[in-house]
Amino acid sequence: MRVLGIETSCDETGVALVDSQQGLLAHQLYSQIKLHAPYGGVVPELASRDHIRKLLPLIEQVLTQAELGAQDIHGIVYTAGPGLMGALLVGAMMAKSLAFAWHLPCLGVHHLEGHLLAPMLEAQPLAYPFLALLVSGGHTLLVDVQSLGHYRILGETLDDAAGEAFDKTAKLLGLPYPGGPALAALAAQGRPDRFRFPRPLLDRPNLDFSFSGLKTAVLHAVRGQPAELAAQDRADIARAFEEAVVETLVVKSRRAWQTIQAQRMVVVGGVGANRRLRDALRQAGEADQVAVHYPRLEFCTDNGAMIAYAGLQRLLAQDRREYPVRARWPLEELLPPGE
Ligand code: KG4
Ligand code: ZN
């Protein structure tokens, strides 16, 4: 079975073709980062318009790249949520129109299921069960992934997502959008012991996170300095912030794999690109004999391939449910196929 997947939940237009036998055949990704950068964040209306502009050309590119036509495709899948409503509707309408014209089944996919299954796109797919740490601009979750559709949330953020905390702190430090990579680069110049920020909820036994207090602590540190922050001050603050987030994520991940006795863990979502987080998790994993995996960087962040893959698995499992487009869609509400 061959499936065309469409992702338009936020500011990336992603399109991919996945085959049940041969795996990923082709994929294209267009990032709207430059469009939103002057506003310091994603502008929903502009995002929808840009998805409309880019989606058809990307679909054509993917088909050309794979040297396939409509007659070679057996299903179309798209991100139905969670995400920006207008942006999601662009992808859903395109998918439904093509499926109608080409007489194909069409299925809505949960964006987070796409992220959780991204490691399956590798040449050596990860074996179930595994622990997943999903850290993006919109989500921070620890999930026990048993099999397709069987997900147990072990912990999640009570306020800001980890990526959101990176982005907001970067803004405070006058860094350009998106702040995560810029803040990480600045932190590399910072000294480790100059500032120390709180590790939120680390003293609690549960696996939940909270990052909004950390942002406030950074604000106080910034205000405590002379009006014009020196370059070294900014770097030192960035370093202390990054260390606080990384330590929190590592300690909770470790507790999670000990709790469910996981042997494998995967890190997905944009913050998974963070070097310090990767190094710290690898070290913790080595100490506890847990293998820590990362999908290829391009499949760590939003992309069409993970949606195509997740949708393909559900179509193969005969999932023919109607998943309405939803801005909010808790992962707990997603059922396994056939239940
Ligand atoms: O998964 P993603 O591309 O989009 C969604 O939010 O769904 O994640 C983007 C987030 C942003 O908040 C960005 O600042 C953060 O990931 N990010 C990073 C790094 N690269 C991207 N955060 C910390 N360090 C990085 N190197
Ligand atoms: Zn995402």
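Here the structure is shown first, and the text comes after it.
Residue positions are given per chain, counting from 1 as you read along its sequence in written order. In the order they appear in the text, chains get letters beginning with A and ligands get numbers beginning with 1. In keeping with the model being predicted, local features are shown solely for residues with a pLDDT of at least 70 and side-chain atom pairs are shown and tallied solely at 80 or more, while totals for entire chains, interfaces and linings include all residues. Side-chain figures throughout are based on the complete set of non-hydrogen atoms in the structure, without hydrogens or water.

**Student:** Outline the overall build of the protein, supporting the account with residue identities and numerical values.
**Tutor:** Secondary structure counts use DSSP, requiring at least four H or I residues in a row for a helix and at least two E residues in a row for a strand, with both numbered from the N terminus. Along the protein, the regular secondary structure elements total eleven helices and ten strands. Computation of the radius of gyration draws on C-alpha atoms, with the globule rule given as 2.2 Å multiplied by the number of residues to the power 0.38. In summary, the protein has a C-alpha radius of gyration of 20 Å against a globular reference of 20 Å for 339 residues, a match within 12%. Within the span of the protein, comprising 339 residues, buried residues form 53% of the whole. Contact criterion: two residues are considered in contact whenever any of their non-hydrogen atoms come within 4.5 Å of each other. Across the protein, every contact between residues at least 6 apart in sequence was considered, and the portion connecting residues at least 24 apart equals 72%. All accessibility values rest on the Shrake-Rupley procedure with a 1.4 Å probe; residue burial counts only the protein chains present in the view. A total accessible area of about 14600 Å² is found for the protein, and carbon and sulfur atoms account for 53% of it. Whether a residue is buried, partly exposed or exposed follows from its accessible area with a 1.4 Å probe, protein chains only, as a fraction of its type maximum: under 20%, in between, or over 50%, in that order.

**Student:** Describe the coordination of the zinc ion (ligand 2), listing the residues and the values that go with them.
**Tutor:** Between any two of four tetrahedral donors, the ideal angle at the metal is 109.5 degrees; between two of six octahedral donors, it is 90 or 180 degrees. Protein-derived coordination of the zinc ion (ligand 2) comes from H111 (NE2), H115 (NE2) and D302 (OD), at a distance range of 2.1 to 2.2 Å. Ligating atoms shown are N, O and S within 2.8 Å of the metal, or 3.2 Å for Na, K and Ca, and water is not included, meaning a site may look less than complete. By the criteria applied here, four donors are tetrahedral when all angles lie between 85 and 135 degrees, four are square planar and six octahedral when opposite donors are over 155 degrees apart and every other angle lies between 65 and 115, and any other arrangement is irregular. Seen from the zinc ion (ligand 2), its four donor atoms lie at angles of 89 to 136°, and the figure they make is irregular. Written as a sequence motif, the donor residues of the zinc ion (ligand 2) are H-x3-H-x186-D. Residue H111 is found in helix α4 (residues 111–117), and its partner D302 is found in the loop between α10 (297–300) and α11 (304–316); the two are separated by 191 residues along the sequence. The same class applies to H111 and to D302, which are both buried.

**Student:** Describe the packing of aromatic side chains, and please don't skip the residues or the numbers.
**Tutor:** Pairing of aromatic rings covers Phe, Tyr and Trp, the last counted by its six-membered ring, and requires centre-to-centre distances within 6.5 Å; plane angles under 30 degrees mean stacked, over 60 mean edge-to-face, and any other angle means tilted. Enumeration over the complete set of coordinates arrives at five aromatic pairs. Ring geometry for Y128 versus F130: centroids 5.8 Å apart, planes at 5°, classification stacked. For Y128, a relative accessible area of 30% corresponds to the partly exposed category. By definition, being over a ring means that NZ of Lys or CZ of Arg is both within 6 Å of the ring centre and within 35 degrees of the ring normal. The aromatic ring of Y30 is capped on one face by K54, whose charged end is 4.5 Å from the ring centroid.

**Student:** With reference to specific residues and values, describe the site of ligand 1.
**Tutor:** Taken together, 15 residues lie near ligand 1, and G137, D167, G180, G270 and N274 sit nearest. Residues adjacent in sequence count toward polar contacts only when both atoms are side-chain atoms; beyond that, a polar contact is any pair of N or O atoms within 3.5 Å, and within protein one must be able to donate a hydrogen and the other to accept it. Residue G180 places a main-chain N or O atom 3.0 Å away from an oxygen atom belonging to ligand 1. At a separation of 3.2 Å, an oxygen atom of ligand 1 approaches a polar side-chain atom of D302. Burial of ligand 1 by the surrounding chains reaches 85%, relative to a free accessible area of 560 Å². When contributions to the shell around ligand 1 are tallied by element, the ones reaching two or more residues are α5 (162–172) and α6 (179–187). Counting residues per element, the shell around ligand 1 draws most heavily on α5, which supplies three residues. Any residue with at least one heavy atom within 4 Å of a molecule or strand is counted as near it.

**Student:** Just give me the short version of the sheet that holds strand β10 (residues 291–293), but keep the residues and values in it.
**Tutor:** Strands are labelled as partners when DSSP assigns at least two bridges between them. Across the sheet, which stays open at both edges, the five strands sit in the order β8-β7-β6-β9-β10 with mixed pairing between neighbours. The open sheet has two free edges, formed respectively by β8 (150–156) and β10, since each of these has just one partner strand. Across the sheet, the axes of successive neighbouring strands diverge by a mean angle of 25°, strand direction being ignored. Two strands pair when backbone bridges link them, and strand β9 (residues 264–268) and β10 are joined in this way by three bridges, in the parallel orientation. Bridge pairing in β10 links V266 to H293. Helix axes use the C-alpha atoms of the stretch in contact, all axes being lines fitted to C-alpha atoms, and the angles between their N-to-C directions lie in the range 0 to 180 degrees. Each of β6 (130–135), β7 (140–147), β8, β9 and β10 is contacted by helix α8 (residues 231–260), which is oriented at about 155° to β6, the strand it contacts most.

**Student:** Give me the packing of helix α2 (residues 44–66) against helix α3 (residues 85–102): which residues, what numbers.
**Tutor:** The interhelical angle for the contact between α2 and α3, taken along N-to-C directions, is 40°, at an axis separation of 9 Å. Comparing the axis directions of α2 and α3 gives the class oblique. In terms of crossing hand, the pair formed by α2 and α3 is right-handed. Together, S48, H51, I52, L55, L56, I59 and L63 of α2 and G86, A87, V90, G91, M94, L98 and W102 of α3 make up the contact between the two elements. Each residue belonging to the contact of α2 with α3 can be placed in one class, and the counts come to ten nonpolar, four polar and no charged. Should an angle fall under 35 degrees it is called roughly parallel, over 145 degrees roughly antiparallel, and 65 to 115 degrees roughly perpendicular, with every other angle called oblique. Crossings are sorted by hand: turned counterclockwise from the far helix by less than a right angle, the near helix makes the crossing left-handed, and turned clockwise it makes it right-handed. Amino acids are sorted into nonpolar (Ala, Val, Leu, Ile, Met, Phe, Trp, Tyr, Cys and Pro), charged (Asp, Glu, Lys and Arg) and polar (every other residue, Gly among them).

Just distances and angles here, no functional claims.
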